[in-house]
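# Fold and contact review
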Amino acid sequence: MPSYQPWCHGNITRSKAEDLLSKAARDGSFLIRASESIQGAYALCVLYQNCVYTYRILPNEDKKLSVQASEGVPIRFFSMLPELVEAYYSPNMGLITHLQYPVQREEEVDEEPESNDLPPQLPPRNFSPNDLKDSDQKSPELASKSLTDTYLMRLQHVDMSTVSEEHQVAIQEYFRNSIVLDAEQVQNGFHNLPGLKKLTLTICKNLNSEISRVLPALEIFHRTLDQQLSPGIGQFPKRVSADSGQSVSFRLEQLTKLLYSIEDKAKSSLFESVGYEGGHRKSLIPPVTFEVKQESLGISTKMFLKVDVESGKLYFKKSKDGTEDKYFVHNKILQLVKSQKMHVKLVIVLETEKEKILRKEFAFDDTKKREGFCQLLQQMKNKHSEKPEPDMITVFVGTWNMGNAGPPHNISSWFQCKGQGKTQDDTADHIPHDFYVIGTQEDPLGEKEWADTVKGVLRNITNISFKQVAIHTLWNIRIIVLVKPEHENRISHVFSDSVKTGIANTLGNKGAVGVSFMFNGTSFGFVNSHLTSGSEKKLRRNQNYINILRFLNLGDKKLNPFDITHRFTHLFWLGDLNYRVEFPSTEAEYIVTKIKQQQYQELLSKDQLSMERNDGKVFLHFDEEEITFAPTYRFERDTREKYAYTKAKATGTKYNLPSWCDRVLRKSYPLVHVGCQAYGCTNDIMTSDHSPVFASFEVGVASQFVSKQDLNSAPQGGIQIMNCVATFSTKSKTKFFIEYHSSCLERTVKTTEGENSEHSDGSIKVWFGNQVELTPIISDPEYLLDQHILICVKSTDADESYGEGCVALRAAQICYTEFQITLTHHGEKTGTLTGGIQLQTSEVKPTEKLYDFIKVERDDTVTSKGKGNDLNKFSVTQAHDISNPNYMGVSFQRDVIDKGWSYSMPPKSLPLAVQGCKDSKKGGYDVGTRSPTVKPSNPMGGGEGEKVSEMFDNPLYGSMGKGHSRCKDQDHQLRDHLTSLDQSLSTFKAADAEPERPPVPTPRNRSFTYSETKPQPPAPITTHPSIYKKPVVPSHSEGGGSNMPRPPLPSKYRAEPPITKGRDYRDSSELPIKQRLPARPGQPLPHQRHAS
């Protein structure tokens, strides 16, 4: 597309085009932008009567351009866009109005190049000679000299004392004569450069013959190693003989690759022979002993718990060196129940040889010890699991701006999550993660050197030789993904890509690299970005983010309408995002003082990234763990005691206030398990002015499903989506339809055109009245409950997306469920979609997941220590295991509640707690408990294993008392607000008596304002996860009802005096029977299943 035309706007977004035309405010105003749906096509946008009309400009096979205008108008073809525009200045060409006023494109302010301190930034390693030559031609000084004079002058300033006389003569001869001949060859279209080829042959004469001598021996050695590991396969492709005619550089590359391959195979063979490979059974985690206290009849007794992961045993000892005759094997350890308020307390549920249930309660020295114990027990369960495929893995994510300096000798603390913030206990040092994803910026090392460094560190820590999934580099920005050897065959569909966002979006000094892949049935995406620097360039950073979203090409190519925030089950975004703390430069010393006092809350309230996220401008619906570590930039090198916040420049002093530039964020599909185990920075890696940042996650994954049902006799399942209403704020005059995408569907499904209804407030609603039937490829409910439906609302005129969202099938596992999702496009909120979903499939008992093993107990409920083998008699009936706690609307450091989706379930009667496991599928799904799996010990359906205690005051974070008390108060306020909504639900329902009535059209009068004039029946309020509440009948073990007094906590564990607190909307014991919600009158529940 010609860039010099005023109406030509390149790759601007559709919403940006609407904004520019709206500002023009004259009929006939127009612009042309690149199409978002078809490569090489354009979109002609015309303003008429305050509405934007879009026409596609498509190229044919001969590259001729034509406009898709009104029917009945002859199609005309044009060679160039200016010809087309000139023709459509004439009236009656099939447009809504003829073109009159071109809208000027906005000029972007290019980023100024940075001037870094020593060590100096290395030149980009992939800077091609052509790029250098172009820059030389543009230089006025070099343009006045011939190539010969230029290079001969440079040669005079080079020390050639170590070069042989023969080679000196050859180089001088090339610059005097041959380079001119090569330049003439290039000008004439020949790129073989005979002069350069002759010079390299002369210099490498001995090397060439040496390669011919050593290569055959290396090939034989390589083939032998291959046969040793895999007999009969892996033969080296083709022997490169001395007279092969290949260039020296090519043969040298072959030799280098061969040496690397020999090294890797030899290491692998040796490690495997001595058991050092570190596969699923070979990584050695040493036994760990924990000192705990057990209270019985008010008497505290010291005990020791020894965890032997390799043997799968948990020992109970009265002294550290005592006998080990009392132990439980892994399959007799049923569950770990954490106390939410007492951060050191843990209940271990055990099964005896006589199939009786024991409930043992212990107190650890501190919270980190308890977390380390739980991680070791979970690792034990995973290692000795009989499941063929894992359902939970752990992922390490690290980011480090290396400051163009090599790493120190020891960087183990980074990979062991040690330092400041939320860190891991020493007892978890030897527990390996399943994935290691490391992003670096300003990385001076080569790919091979850095990969070997990281693999070596991990081998020393874990005794595992990790396999490389992918590595991708853009200039000095790099990402590498390593995986346990046992998972190598579970990974497929590996893609990597990069986007440049540097000066004029053409230089790669800033930008992003990304890697995506499938792990069995779960998709992962990882993005490492280095955004524009400078405190004042916040808007430029926001634009960097949008450009990366739009142009980073990862994941399933069939999901073209969706950007990367919707393409993956789990997306992790890491890097030097360069967002700063927005304080005046005069406050630098005040900031440093606050950091020394570990009082971060005031500083975080001015964190640019947090403020931009709160405003919905970047990282919409992403989640970040609470920051409890000091700013990671800008330190003096070789120390972490002093921030270097000033930099002397020719134009004056530049301030780089201490800031949290280096971050890790994540976004997952709804109702999946993900929890953060660690988030912090190191203290002991000081070669850069940035500190490395680490994050550790526990992630639920789905297996490549093999149905247990007979495919011929199994009933055909189905997914019904109905009553969909989309609400947009747009000036486009078009019709809309919905596309449904999912890997579980046989094909992509499109609806018919919706019925538009325009409102006086400027919003437009589209009613998709027809019910849509989606046919899954597998009908087994165990498979379907792990799946998601991606929804895209598109225009009929340009086939471009106006918003995308995601619905979890798990929400519809019981009955018809209403949903509301936020529609986004290119990272911006564009509207909402409400509707209902019904899953038609057979009954199934949910499979227990590994993350169900750890639960969280609410301390303010009454539990009893029942006897016998009925686990439900003493089960923690109010345990809430929360995955993605921020999706509930509970946010650590922000008041952001909208997480992009919510579900509302009609209330159902539940069985008593003692019958909770009889039919777990009847238990319902409560958005408040966020549990995709129902377990016997939790009749409310908890089962996500997320550490809910982190939502409240958590000692893991260190001395952060003030900040936590503030978050705690906000959480109580939120629960009070939700409780009041529960109480007023009947009134809300009464106002919602006609759910099936489509919106009534109103006269057109649009603006960009977005609001609701009439509440939609299936739309829960977006600022709360759900106002529908599922009543639970308290079990006898709870004391019989909500009016029973709670017994006081034992004095040993009492953390604080009793206080009056807000009612918890998740606590069924505080829901009086008279306030329990009746079934919604007139609510259609097609194919609703009843308890047998």
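Predicted model only: the values in this text are computed from it and were never measured. (Residues numbered from 1 in each chain as written. Predicted model: local features only at pLDDT ≥ 70, side-chain atom pairs only at ≥ 80, totals over all residues. Heavy atoms only, no water.)

### Some thoughts on the overall build of the chain
Summing up its helical and strand segments, the chain has 19 helices and 38 strands in all. Contacts spanning at least 24 positions in sequence make up 70% of the contacts within the chain whose residues lie at least 6 apart. Per element, the accessible surface of the chain, about 47,200 Å² overall, is 52% carbon and sulfur. (Helix = DSSP H or I, 4+ residues; strand = E, 2+ residues; numbered from the N terminus. Contact = heavy atoms within 4.5 Å. Areas by Shrake-Rupley, 256 points an atom, 1.4 Å probe, with all protein chains shown as cover.)

### Topic: the sheet that holds strand E26 (residues 693-700)
One open sheet accounts for 7 strands, arranged E14-E25-E26-E13-E15-E17-E16; its pairing is mixed. A strand with exactly one partner marks an edge of an open sheet, and here the two such strands are strand E14 (420-422) and strand E16 (467-474). Neighbour-to-neighbour, the strand axes of the sheet open up by a mean angle of 10 degrees, direction not taken into account. In this sheet, strand E17 (residues 477-483) lies alongside E16 in antiparallel orientation, the contact comprising 7 bridges. Its bridge partner being in E17, Leu-474 is matched across the sheet by Ile-477. The strands that helix H12 (residues 447-462) touches are strand E15 (435-441), E16 and E17; relative to E17, the one it contacts most, it runs at about 40 degrees. (Pairing = 2+ DSSP bridges. Axes fitted to C-alpha atoms, helices over the stretch in contact; angles between N-to-C directions.)

### A look at the pattern of salt bridges
Counting across every chain of the model gives 38 salt bridges. Where Glu-371 meets Arg-370, a salt bridge forms, and the shortest distance between an N and an O atom there is 3.5 Å. What makes Glu-371 buried here is its relative accessible area of 7%. (Salt bridge = Lys/Arg side-chain N within 4 Å of Asp/Glu carboxyl O. Buried < 20%, exposed > 50% of the residue type's maximum accessible area, 1.4 Å probe, protein only.)

### What about the packing of aromatic side chains?
What the rule picks out here adds up to 34 aromatic pairs. Their ring planes at 25 degrees and their centres at 5.9 Å tell us that Phe-517 and Phe-526 sit as a pair that is stacked. A residue is classified by how much of its surface remains accessible, and Phe-517, at 2% relative accessible area, is buried. Overall, Phe-526 belongs to the buried group, its relative accessible area being 0%. Through a chain of ring-to-ring contacts, three or more aromatic side chains come together here, namely Phe-435, Phe-517, Phe-519, Phe-524, Phe-526, Phe-572 and Phe-697. Its end group placed over the ring of Tyr-579, Arg-541 keeps NZ or CZ at 5.2 Å from the ring centre. (Phe/Tyr/Trp six-rings, centres within 6.5 Å; stacked < 30°, edge-to-face > 60°. Lys NZ or Arg CZ within 6 Å of the ring centre and 35° of its normal.)

### Comments concerning the sheet that holds strand E4 (residues 65-67)
Read across the sheet, 5 strands follow the order E4-E3-E2-E1-E5 without closing on themselves; strand pairing throughout is mixed. Sheet topology places E4 and strand E5 (101-102) at the edges, where each strand pairs with a single neighbour. Taken together, the 3 bridges between strand E3 (residues 51-59) and E4 define a ladder with antiparallel strand orientation. Looking across to E4, one finds that Ile-57 is bridged to Val-67.

### Side note on the pairing of strand E22 (residues 646-649)
In this structure, E22 lies alongside strand E23 (residues 652-655), joined through 4 bridges in antiparallel fashion. Paired with Thr-646 across the two strands is Tyr-655, which belongs to E23. Linking two consecutive strands that pair antiparallel, namely E22 and E23, is a turn of 2 residues.

### Here's the deal with helix H10 (residues 367-383)
With 17 residues, H10 ought to run about 24 Å at 1.5 Å a step, and its terminal C-alpha atoms sit 24 Å apart, in line with that. A large share of H10 lies buried, amounting to 14 of its 17 residues. For H10, the N-terminal cap is Asp-366; the gap from its side-chain oxygen to the backbone nitrogen of Lys-368 is 3.1 Å. (Expected span 1.5 Å × (residues − 1). Polar contact = N/O pair within 3.5 Å; in protein donor to acceptor, adjacent residues only side chain to side chain.)

### Here's the deal with the environment of Ile-764
By the secondary structure assignment, Ile-764 is in strand E31 (residues 764-768). Among the residues examined, Ile-764 registers a relative accessible area of 0% and is labelled buried. Separated by 32 residues in the primary sequence, Ile-764 and Ser-732 have C-alpha atoms spaced 9.8 Å apart.

### Quick look at unusual backbone geometry
Between Tyr-633 and Arg-634 the backbone carries a cis peptide bond, its omega angle lying at 10 degrees. With respect to the helices and strands, the residue Arg-634 is situated in the loop between helix H16 (608-614) and E22. For Trp-475, which is not glycine, the phi torsion reads 55 degrees and is therefore positive. Relative to the helices and strands, Trp-475 resides in the loop between E16 and E17. A residue is classified by how much of its surface remains accessible, and Trp-475, at 10% relative accessible area, is buried.

### Concerning the pairing of E26
Where burial is concerned, most of E26 is hidden: 8 out of the 8 residues are buried. Note that strand E13 (residues 392-401) and E26 share 8 bridges and pair antiparallel. Note on E26: the bridge partner recorded for Val-395 is Phe-697. Two strands pair when backbone bridges link them, and strand E25 (residues 674-681) and E26 are joined in this way by 7 bridges, in the antiparallel orientation.

### Some points on the environment of Leu-839
Mapped onto the elements of the fold, Leu-839 is located in strand E36 (residues 828-840). Taking relative accessible area as the criterion, Leu-839 reaches 1% and is therefore assigned buried. Spatially, the C-alpha atom of Leu-839 lies 8.8 Å from that of Arg-810, the residues being 29 residues apart in sequence.

### Regarding the confidence of the model for the chain
Per-chain confidence: the chain averages 76 in pLDDT, with 69% of residues scoring 70 or above. Long-range and interchain partners of residues 115-145, a stretch whose pLDDT sits below 50, account for 40 contacts in this model, where long-range means more than four residues apart. In this model, residues 228-243 is a region of pLDDT below 50 whose contacts with residues beyond four sequence positions or in other chains number 24 contacts. (pLDDT = per-residue confidence, 0-100.)

### Digging into the environment of Gln-608
Within the secondary structure, Gln-608 sits in helix H16. Considered as a pair, Gln-608 and Lys-538 are 70 residues apart in the sequence and their alpha carbons are 7.4 Å apart. Discounting chain neighbours no more than four positions away, the residues touching Gln-608 are Ser-535, Lys-538, Arg-541, Tyr-579, Arg-580 and Glu-582. Of the polar contacts made by the side chain of Gln-608, one reaches the backbone oxygen of Ser-535; its length is 2.9 Å.

### What about the nonpolar core?
What tends to happen in soluble globular proteins is that the nonpolar side chains get buried as a cluster. Within the largest apolar cluster, 49 residues are counted, with the highest numbers of intra-cluster contacts made by Val-395, Phe-435, Phe-517, Phe-524 and Phe-526. Beyond its immediate chain neighbours, meaning those up to four positions away, Phe-517 contacts Phe-435, Val-469, Val-481, Ile-491, Ser-492, His-493, Val-494, Thr-522, Ser-523, Phe-524 and Phe-526. Of all hydrophobic cores here, the second largest spans 39 residues; its members include Phe-736, Val-749, Leu-784 and Tyr-802. (Core = buried A, V, L, I, M, F, W, Y, C linked by side-chain atoms within 4.5 Å.)

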